[in-house]
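# Fold and contact review
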Amino acid sequence: MASESRIAQVATTIPVRNVQDLAACDAGELTADALERYVRPDIDKDAVLYEHSGELPVVDLGRLNPQHWEEEAAAKLRYACEEWGFFQVLNHGVPEEVMVSIKRDIQEFFELPLDVKNAYAQTPGDLQGYGQAYVFSNDQKLDWKSLEDYSAEVEKVAHSIATAIGKILNIDPELMSDKYAVQVLRMNYYPPCTSMPEKVLGFSPHSDGSFLTILSQVNSVEGLQIKRHDAWVPVKPHPEALLVNVGDFLEIMTNGKFKSIEHRVIINAHKERLSVSAFHSPKFDGVVSPATATPTENLLYRTVKVEGYIKHSMSNKLDGKRALDHAKAF
Ligand SMILES: O=C(O)CCC(=O)C(=O)O
Ligand SMILES: [Fe+2]
């Protein structure tokens, strides 16, 4: 569909030297100068709280479907969206063989020579950090069965989570259904950095310009950190779970009750990290309006045009939750 290709077009970023190529060069070439672009002076500004990793909410999707709905699981989902903005999802229903195949194909893809990868991909780009990404929207898939299967399965997961959220918030399912209608997949690759891993970021702090994002931490290498109470909490990869986060459009729609949380990716000294993000967003020509629980509730956000918001959030330098300021009511 035309609107979907437009997302991939705005998703391109500034061309820079491919980081995978950079990381593969001789140690002598990896000077502070070569890495300067990726060094983040404020990387240590906020504490990293490893001891809180285990507190990240885990939501059991098997207990949140119309045939089997448990209030306790619903309360957990609400808490996760209000307090953390991120949660692990178990019993997500994606068959094991689909997970195994997509993980294998992504690993193999990133081992291909650069020119072959670039010929495959519509929109190779950097991640505003020491990372590399390839983006595919619904109509621009690689010719892989695994990607097609994964995409379809993750769409079902997005549907189940959005339906459960709609039920929790008392939102008409019809109104909910077009909020996650467009899916864009991005494969992310973060090479190891032996010379100064503690100084470079794989992905600068940002919140997602989506409605819901579903992430698979493909090779279970740690790196993702999420903001909580002005500190960073590392997310431990969970082999059976998918990681889900509230995106900016869901924060706007809930008038700030569900939180689209700032996150970043740090770099490992020895291991590469691979992940695949599935962004689910409303159709490009739509709008998202804040829904208030009571008529007297103050409006924190205004109605935003989807296309304008996505373009705005992608065309600016990543800067925490700054993109959402664009949608503030005042
Ligand atoms: O690789 C990751 O863990 C995070 C990726 C991410 O934040 C994104 O794709 O928006
Ligand atoms: Fe993200």
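Residues numbered from 1 in each chain as written. Chains lettered and ligands numbered in written order. Predicted model: local features only at pLDDT ≥ 70, side-chain atom pairs only at ≥ 80, totals over all residues. Heavy atoms only, no water.

### So, the environment of Lys311
With respect to the element layout, Lys311 can be found in helix α10 (residues 306–315). Residues Lys311 and Gly209 lie 102 residues apart in sequence; the distance between their C-alpha atoms is 9.2 Å. (Helix = DSSP H or I, 4+ residues; strand = E, 2+ residues; numbered from the N terminus.)

### As for the UniProt feature "domain: Fe2OG dioxygenase" (unreviewed entry) in the protein chain
Following the UniProt record, one finds the feature "domain: Fe2OG dioxygenase" (unreviewed entry) at residues 180–282. End-to-end, the C-alpha atoms of residues 180–282 are 5 Å apart, and along that stretch the chain is 6% helix and 46% strand. (UniProt positions renumbered as here; feature names shortened; annotations may be inferred.)

### Brief notes about the sheet that holds strand β13 (residues 263–266)
A sheet is described by the order of its strands in space; here four strands give the open sequence β8-β13-β10-β11, paired in antiparallel fashion. On the outer flanks of this sheet lie β8 (201–206) and β11 (231–234), each paired with one strand and no other. When strand polarity is set aside, the average angle formed by the axes of neighbouring strands in this sheet is 30°. Sheet analysis places strand β10 (residues 224–228) next to β11, joined by four bridges and oriented antiparallel. Opposite Ile226, over in β11, you have Val233 as the bridge partner. (Pairing = 2+ DSSP bridges. Axes fitted to C-alpha atoms, helices over the stretch in contact; angles between N-to-C directions.)

### Brief notes about the packing of aromatic side chains
In the structure shown here, the tally under the stated rule is six aromatic pairs. Aromatic pair Phe109 and Trp144: ring centres 5.7 Å apart, planes at 65°, arrangement edge-to-face. One end of the pair, Phe109, is in helix α5 (residues 96–111); the other, Trp144, is in the loop between β6 (132–137) and α7 (145–169), with 35 residues separating them in the sequence. Classification of Phe109 by relative accessible area gives buried; the value is 1%. Above the plane of the ring of Trp69 lies Lys167, whose end atom (NZ or CZ) is 4.3 Å from the centre. Taking NZ or CZ as reference, Lys227 lies 4.7 Å from the ring centre of Trp232, over its face. (Phe/Tyr/Trp six-rings, centres within 6.5 Å; stacked < 30°, edge-to-face > 60°. Buried < 20%, exposed > 50% of the residue type's maximum accessible area, 1.4 Å probe, protein only. Lys NZ or Arg CZ within 6 Å of the ring centre and 35° of its normal.)

### Focus on the coordination of the iron ion (ligand 2)
The protein atoms donating to the iron ion (ligand 2) are His206 (NE2), Asp208 (OD) and His263 (NE2), with metal-donor distances spanning 2.1 to 2.2 Å. Read in sequence order, the donor residues for the iron ion (ligand 2) give the motif H-x1-D-x54-H. Across this residue pair, the class does not change: His206 and Asp208 are buried. (Donors = N, O, S within 2.8 Å, 3.2 Å for Na, K, Ca; no water.)

### Some details on the nonpolar core
The biggest cluster of nonpolar side chains holds 61 residues, and the ones touching the most others in it are Leu77, Phe87, Ile106, Ile161, Ile165, Met187 and Phe211. Examining the composition of this core, we find that 10 residues originate from one element, α7, more than from any other. The contact partners of Phe87, leaving out residues within four places of it in the chain, are Leu56, Pro57, Val59, Leu77, Ala80, Cys81, Ile161, Leu242, Leu243 and Val244. Counting 24 residues, the second largest nonpolar core, distinct from the first, contains Leu22, Leu127, Tyr130 and Leu224. (Core = buried A, V, L, I, M, F, W, Y, C linked by side-chain atoms within 4.5 Å. Contact = heavy atoms within 4.5 Å.)

### Things to note about the side chain of Glu251
Tracing the chain through its elements places Glu251 in helix α9 (residues 248–253). The exposure class of Glu251 is buried, given its relative accessible area of 5%. Every residue in contact with Glu251, bar those within four places of it in the chain, is listed here: Val246, Gly256, Phe258, Lys259, Ser260, Tyr301, Lys321 and Leu324.

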